[in-house]
Amino acid sequence: MSEDYSPMWESLGMDLNAHETLLGVLGQGYQDIYLAQKNRPKGMGYFDFVMSEVHGLRIKELLDEKKQNRKIIGSYCVFVPEEIVLAGGATLVGLCSGADFAVEEVEKHLPRNTCSLIKSSFGFKLGRVCPYLESADMIVGENTCDGKKKAYESFAGMVDNLYVMDLPQVKSGQGRALLKEEYERFKTAVEELTGNKITVEDLKEGIKVVNAKRAALHRLAILRKADPVPISGLDALLANQVSFYDNPARFTESVNKICDELEERIKENLGAFPSKSPRILISGCPMAVPNWKLPWIIETSGAVIVGEESCVGERGARNLTDDSGQSQDELMEAITDRYFKVDCAIFTPNQDRCDHIVEMAKAYGANGVIHYGLQFCQPYIMESIPVENKLEKLGIPCMRIETDYGMEDVGQLKTRVEAFIEQISD
Ligand code: BJ8
């Protein structure tokens, strides 16, 4: 890190010793997993820098924004519309939840059989190690899976600024109406928090910024169709992960820059992996920073990941919002339409997700799909069975993996992944 940020972290009420331990683990993991990769595009230097300053410079920027009276809103889900947050003159940051922390303490508040992602969000709070969480003026929870829904009831007692958004579970007319209503309620909450009355122009600008970010991520995704693949799955995942907390305009510019470089690499036939490497699509639960375990296992076993059907990936970023509306209501309808297409496994039935996995496997030329389910995540693990059946029927090999954030099963997972890669390489 470029300077000593301890006074800043201390001012946020963080536990400096515990935080140092976390940064140590994070730094080592990054070194071993990311910096050990070969043939990386030069543009990844930006993301390496962002990661090296993830709790430093970016937090300083957010605190500077707060000094200018700009509010920071933290979220755990891609259903929280960044367009509305930006329109209100606030900044949205994703609260990662990608590592175990303070597990013993967490299990005093949550049952052991809770998914790692939820446990992690509690661990970061109880351990006082997340400067994003501690900087947030509002934390948005959402009624998605049962685990999150019930966990927020306890979480509300740990933070004094939790806002819970209700979400539909069925893609029906009523479901859409609920989403629209909840987005209107959220808009009002953002206005109250910031003291800014959102105008049509504000909404249009918010949509424009977020669309540009998503368009850059789409551009990056599409370039991974090439053979050899110009960027590793780990690096593409990192770009998706960083999209949740970087400044949106700077992020968009950096992703577009890396895409320019990737286009050149494709012309020159330069890949992150050799041509004809087995290609894998990952599908399932979101992978938040620093959850790199499975991609790292896959890409150190001779295959390359060509896409992520995940909220930290194409499910989260794929559709743009129509910005042609001329009134607040038309723009809010367009935002609702865009988010209503997110095919999270909390929806029932959820055929769209199954279809999208097939569509992605074909579009990215995947030789196989690895379905990633976090242990105790009912929605995704339940859905992995029909997903596997459908893929197998179409002749697309699929392997279902269930794991957590621990490293105890790495050897066992690697053996299974290697066997799968051998199977799809024949
Ligand atoms: S839109 S995927 S970000 S809810 S892994 S906590 S589902 S038990 S994260 Fe998600 Fe929004 Fe859906 Fe996306 Fe529950 Fe499963 Fe845990 Fe999960």
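Every value quoted in this text rests on a predicted model; they were computed, and no experiment measured them. (Residues numbered from 1 in each chain as written. Predicted model: local features only at pLDDT ≥ 70, side-chain atom pairs only at ≥ 80, totals over all residues. Heavy atoms only, no water.)

According to the domain assignment, the protein chain contains domain 1 (6–199) and domain 2 (205–320 + 344–425). Put simply, the middle of domain 1 and the middle of domain 2, counted by C-alpha atoms, are 22 Å apart. The interface of domain 1 with domain 2 comprises 48 residues on the first partner and 51 residues on the second. Summing the contributions of domain 1 and of domain 2, the shared interface buries around 4,200 Å²; its carbon and sulfur component is 67%. When the shortest N-O distance is used, the salt bridge between Glu61 and Arg250 registers 2.7 Å. When contributions to the side of domain 1 that touches domain 2 are tallied by element, the ones reaching two or more residues are α2 (16–35), α3 (44–52), α4 (57–67), α5 (82–87), β2 (91–94) and α7 (116–126). Counting residues per element, the side of domain 1 that touches domain 2 draws most heavily on α2, at 6 residues. (Domains from an automatic or database assignment. Contact = heavy atoms within 4.5 Å. Buried area = accessible area lost by both parts, 1.4 Å probe. Salt bridge = Lys/Arg side-chain N within 4 Å of Asp/Glu carboxyl O. Helix = DSSP H or I, 4+ residues; strand = E, 2+ residues; numbered from the N terminus.)

To continue, consider the sheet that holds strand β8 (residues 398–403). The strand order across the open sheet built from 4 strands is β6-β5-β7-β8, with neighbouring strands paired in parallel fashion. Two strands bound the open sheet, and with one partner strand each, they are β6 (304–309) and β8. On average, each strand axis in the sheet is tilted by 25 degrees relative to the strand beside it, whichever way the strands run. Here strand β5 (residues 279–284) runs beside β6; their pairing, made up of 5 bridges, is parallel. Following the sheet pairing, Leu281 is matched in β6 by Gly307. Where helix α19 (residues 410–425) meets the sheet, it contacts β5, β7 (368–374) and β8, and its direction lies at approximately 170 degrees from that of β8. (Pairing = 2+ DSSP bridges. Axes fitted to C-alpha atoms, helices over the stretch in contact; angles between N-to-C directions.)

Attention now goes to the site of the ligand. Near the ligand, the surroundings consist of 16 residues, among which Cys115, Cys145, Cys311, Cys344 and Cys377 are the closest. Considering only residue class, the shell around the ligand consists of 13 nonpolar, 1 polar and 2 charged. Formed jointly, the shell around the ligand draws a minimum of three residues from each of two domains, domain 1 (6–199) and domain 2 (205–320 + 344–425). (Near = heavy atom within 4 Å. Nonpolar A, V, L, I, M, F, W, Y, C, P; charged D, E, K, R; others polar.)

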